[in-house]
Amino acid sequence: MRETALGLGLAAMAAGAALAGPLDGYRDRARVLVLSAPEAGDAQLRAQRTALASVRTGVAERDLVVLEAVGAGAEARALRERLGLPADSFRAVLVGKDGGAKITEAAPIAPQRLFATIDAMPMRRSEMRERR
C-alpha cells in the first residue's frame with residue numbers, strides 16, 4: 001500500500017511538472033530575456049548575444065536569465081507558444097519576475113534599454129534599496 005501511494009505521488013508530481021509552463025520556475029526568482037529565432041545562425045540572435053556578452057555583470061546584478069527558443073524543438077515551441085511568438089523570425093522578450101512581458105521587440109534590445117526598464121520596476125527598486 002505504501003509503495004502504491006508513493007508511486008501515485010511521484011506520478012502526480014511528474015504530471016504537474018509536465019503541465020508547468022516553461023517560465024514558471026523563474027517566477028519571483030529571476031527576470032528572463034527570451035531570445036527566439038528560427039535558427040542558430042540568425043544575425044539578430046548573434047547580435048543580441050554579442051550585446052549581452054559585454055554586460056555580464058549588469059545582467060547578473062539584475063537577476064536576468066537568458067533563455068533561447070531556437071529552431072523547432074519542443075522546448076523552443078513551448079516558449080514561443082507561452083509568449084505568442086512567431087517561429088519564423090527573431091523576437092526578444094523581457095519577462096519580469098511577476099511573469100509578465102515587459103518588452104517585446106523584433107530586433108535586438110540594447111543592454112542600456114534592458115537595464116533601464118528593469119531598474120524602473122518596483123521590485124528592482126526594492127532590491128536596490130535592500131542591497132545598500
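Just so you know, these numbers come straight off a predicted model, no measurement behind them. (Residues numbered from 1 in each chain as written. Predicted model: local features only at pLDDT ≥ 70, side-chain atom pairs only at ≥ 80, totals over all residues. Heavy atoms only, no water.)

1. Brief notes about the pairing of strand β1 (residues 31-37)
Counting buried positions over the 7 residues of β1 gives 7, a clear majority of the element. On β1, burial covers both faces: Arg-31, Leu-33, Leu-35 and Ala-37 on one face and Val-32, Val-34 and Ser-36 on the other are all buried. In this structure, β1 lies alongside strand β2 (residues 64-70), joined through 7 bridges in parallel fashion. When the bridges of β2 are listed, Ala-37 appears paired with Val-70. Across 5 bridges, the pairing between β1 and strand β3 (residues 91-95) is antiparallel. Looking at β3, one finds that Val-32 is bridged to Val-95. (Buried < 20%, exposed > 50% of the residue type's maximum accessible area, 1.4 Å probe, protein only. Helix = DSSP H or I, 4+ residues; strand = E, 2+ residues; numbered from the N terminus. Pairing = 2+ DSSP bridges.)

2. Observations concerning the pattern of salt bridges
In the structure shown here, the tally under the stated rule is 11 salt bridges. In this structure, the salt-bridge partner of Glu-127 is Arg-31, at a minimum N-O distance of 3.2 Å. With Glu-127 in helix α6 (residues 122-131) and Arg-31 in strand β1, this residue pair connects regions lying 96 residues apart in the sequence. Grouping residues by exposure puts Glu-127 and Arg-31 together as buried. It is possible to trace a salt-bridge network through shared partners that takes in Arg-31, Glu-61, Arg-62, Asp-63, Lys-97, Asp-119, Arg-124, Glu-127 and Arg-131. (Salt bridge = Lys/Arg side-chain N within 4 Å of Asp/Glu carboxyl O.)

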